[in-house]
Amino acid sequence: MVEKIESVIIGGGQAGLSLSYYLTQAGREHVVLEKTPQVANAWRNRRWDSFTLITPNWSFKLPGAEYASSEPYGFMPKSEIVRRFEQYEQENHMPVSYSTEVTRVEPMVDHYRYRIFTNNKNYESKNVIMATGMFQKGKIPTYASQLPQHILQIPSDAYRNPKALPSGAVLVVGSAQSGCQIAEELNEAGRKVYLSTSSAGRFPRRYRGKDGYDWLNLIGFLDRTVSMLDSPKDRFFGSLHSTGKGGGHEINLHTFYRNGIILLGHLRGYEDGKLMLAPDLKENLTKSDGAAANILKMIDEYIRKNALNIPTEELTILDDAYAAPEIRTLDLIAENVGAIIWATGYSNDFSLVQLPLLDSYGFPSTDRGITNYPGMYFLGLMWMNTFKSGFLMGIGESAQYLAEVICKE
């Protein structure tokens, strides 16, 4: 069976639903194909139990459902995020087809420019919008298959809580947002934690009277474009870390070291029963501290340029972790490591579309989501336009722009 329809949105997450909202408002024919059986699958099933937004509640900006409750500077827990998505879909009567997995998309020479194959039925559509999300598949190195089989290995989106892990020490690989938050939770639960660090930076939870995300918004950090980066490769650096747990606080690797987390350089491989570690812990600490210092400098400069009457603030500078030894190998058996959590980022897979759509970095080559192929679009990734274009605070703006383009055709 083939259904002919104007637009097919692949993915029913925040990007797909946001675009559906605008197309519905415009009365444009479309369907959203979601491979899972429920709305908000990523928030519902790919976040740990204690997960909260790292951004304040004011940043929840699904179009037509922007946060307007009494705690704009609270941090929404997972259950509330899921509830709001469920309500959003129900109230807007969005045409979502659940449990529908797209297997491939082929171009056609016709008014209906694309044929979309699914496990249920096939579609012919003028427009296809790839809205499959930012976090498709966790990156796990190939040498992970050589590690002792009794050690549990999971990507960060499969972690739930400390009790769900086997006994023994836990190695968390990656020190961006997820890795740091998980390492902190495990440490607080009394687990012995090794944290393999990266060059990811941090930002202040509060500074000079405002939340850090208020400042990132004001100074234009969230509105940066790829052209403002030193290299397009910088798009893939680990996200700045902080947390909204417990009302929100700053995450700092030096505090981790004080609290007993064993900090390591990045993993290089596995040889003779041991993980091999790069001697770059201090380099990673320097980069993390430098990112924080640079953001504080940008905030201070913004205050000065705009003549804001805001008192200065001197933050305590920590440097404890520079005293940590550079550990070069980790014997997983000797250290009784029972679990490894790979918080090493995600890879995208757009191979279901039978067109050369990616740039030399494997990222969709677009202008604000518009590809060189008529009717083929992307939505919901960071740096589609600005840094925030895939986040809850930026997805509405991105979806509105793409909807306007589609409606003008």
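In this text the structure is predicted, and so the values were computed from the model without any measurement. (Residues numbered from 1 in each chain as written. Predicted model: local features only at pLDDT ≥ 70, side-chain atom pairs only at ≥ 80, totals over all residues. Heavy atoms only, no water.)

1. Considerations on the overall build of the protein chain
Our working definition: A helix here means a DSSP run of H or I that spans at least four residues, while a strand means a run of E at least two residues long, and both kinds are numbered starting from the N terminus. The globule rule used here is 2.2 Å times the number of residues to the 0.38 power, and the radius of gyration it is set against is calculated over C-alpha atoms. Working rule for contacts: check all heavy atoms of both residues, and any pair within 4.5 Å makes them a contact. Here, Shrake-Rupley sampling with a 1.4 Å probe gives the accessible areas, and only protein chains in the shown set may cover a residue. Counting rule applied: Lys, Arg positive; Asp, Glu negative; His and chain ends not counted. Note that the charge is assigned to NZ on lysines, CZ on arginines, CG on aspartates and CD on glutamates.
What the protein chain contains, in helices and strands, is eight helices and 19 strands. Relative to a compact globule of 409 residues, whose C-alpha radius of gyration would be 22 Å, the protein chain shows 22 Å and is just as compact. Pairs at least 24 apart in sequence give 69% of the contacts found in the protein chain among residues at least 6 apart. Put simply, the protein chain shows about 18,500 Å² of open surface, and 49% of that area lies on carbon and sulfur atoms. Mean positive and mean negative side-chain charge positions of the protein chain (42 and 45 charges, respectively) differ by 0 Å.

2. With respect to the packing of aromatic side chains
So the rule is basically this: For Phe, Tyr and Trp, rings pair up if their centres lie within 6.5 Å, where Trp contributes its six-membered ring, and each pair is then called stacked (planes under 30 degrees apart), edge-to-face (over 60) or tilted (otherwise). Note on exposure labels: buried denotes an accessible area under 20% of the residue type's maximum, exposed denotes more than 50%, and partly exposed covers the range between, all computed with a 1.4 Å probe on protein chains only. Consider the ring centre and the ring normal. A charge sits over the ring if Lys NZ or Arg CZ is within 6 Å of that centre and within 35 degrees of that normal.
By the definition in use, this model includes 15 aromatic pairs. Seen in terms of ring centroids, W43 and F51 are 6.0 Å apart; in terms of plane orientation they differ by 55°. Their pairing is tilted. An identical accessibility class is assigned to W43 and F51; each is buried. Taking the centre distance of 6.0 Å and the plane angle of 65° together, the rings of F236 and F363 count as edge-to-face. With a gap of 127 residues between them, F236 in the loop between α5 (212-218) and α6 (253-258) and F363 in the loop between β18 (346-347) and β19 (376-378) connect regions that are remote in the sequence. Directly above the aromatic system of F60 lies the positively charged group of R84, at a separation of 5.8 Å from the ring centroid. A cation over a ring is seen here: R368 above Y401, with NZ or CZ 3.7 Å from the ring centre.

3. Re the sheet that holds strand β15 (residues 274-277)
Quick reminder of the rule: We call two strands paired when DSSP finds no fewer than two bridges between them. Every axis corresponds to a line fitted to the C-alpha atoms, with the helix fit spanning only the stretch in contact, and the corresponding angles, defined between N-to-C directions, vary from 0 to 180 degrees.
As summarised here, the arrangement of the three strands in space is β14-β15-β16, forming an open sheet in which the pairing is antiparallel. Lying at the two open borders of the sheet, with one neighbouring strand each, are β14 (267-271) and β16 (329-331). Neighbour-to-neighbour, the strand axes of the sheet open up by a mean angle of 25°, direction not taken into account. As judged from the four bridges shared by β14 and β15, these two strands associate in the antiparallel manner.

4. Notes on helix α3 (residues 78-92)
Think of an α-helix as turning once every 3.6 residues; residues three or four places apart then point the same way. To keep things clear, this is the line we draw: Expected span of a helix: the number of residues minus one, times 1.5 Å. Directions from the helix axis toward the C-beta atoms define the arc.
Taking 1.5 Å per residue, 15 residues should reach 21 Å; α3 reaches 21 Å between its end C-alpha atoms and fits that length. The complete set of buried residues in α3 reads K78, I81, V82, R84, F85, Y88 and E89. End-on view of α3: buried residues confined to an arc of 160°, all on one side of the axis. Across from the buried face of α3, at angles greater than 90 degrees, the exposed residues are S79, Q90 and E91. In the core, the buried residues of α3 are packed alongside α1 (14-25), α2 (41-45) and β3 (96-97).

5. Here we look at the pairing of strand β17 (residues 337-342)
Buried residues dominate β17, accounting for six of its six residues. Relative to β17, strand β8 (residues 152-155) runs parallel, the two being bridged by four bridges. The residue bridging L152 from the neighbouring strand is A339, located in β17. Sheet topology note: the strand β9 (residues 169-173)/β17 ladder contains five bridges and is parallel. Counterpart to V173 in the pairing with β17 is W342.

6. Observations regarding the sheet that holds strand β10 (residues 193-196)
Two pairing modes exist for strands in a sheet, parallel and antiparallel, and in both the strands are linked by backbone hydrogen bonds. As summarised here, the arrangement of the five strands in space is β8-β17-β9-β10-β13, forming an open sheet in which the pairing is parallel. Every interior strand has two partners, whereas the edge strands, β8 and β13 (262-264), have only one. Neighbour to neighbour, the strand axes of the sheet diverge by 20° on average, direction disregarded.

7. With respect to the side chain of Q177
Where we set the bar: Between N or O atoms, a polar contact is any pair within 3.5 Å; within protein, one atom must be a potential hydrogen donor and the other a potential acceptor, and residues adjacent in sequence are included only when both atoms are from side chains.
For Q177, the location among the structural elements is in helix α4 (residues 177-188). A distance of 3.3 Å separates a polar side-chain atom of Q177 from the backbone oxygen of L240. Once residues within four sequence positions are removed from consideration, Q177 is found in contact with I54, Y213, S239, L240 and H241.

8. Some points on helix α8 (residues 395-408)
Here α8 is 14 residues long and its end C-alpha atoms lie 20 Å apart, about the 20 Å a rise of 1.5 Å per residue gives. Among all positions of α8, only I395, G396, S398, A399, L402, A403 and I406 are buried. Down the axis of α8, the buried side of the element spans an arc of 160°, and every buried residue falls inside it. Next to the buried residues of α8 lie β1 (2-10), α1, β6 (122-130) and β19.

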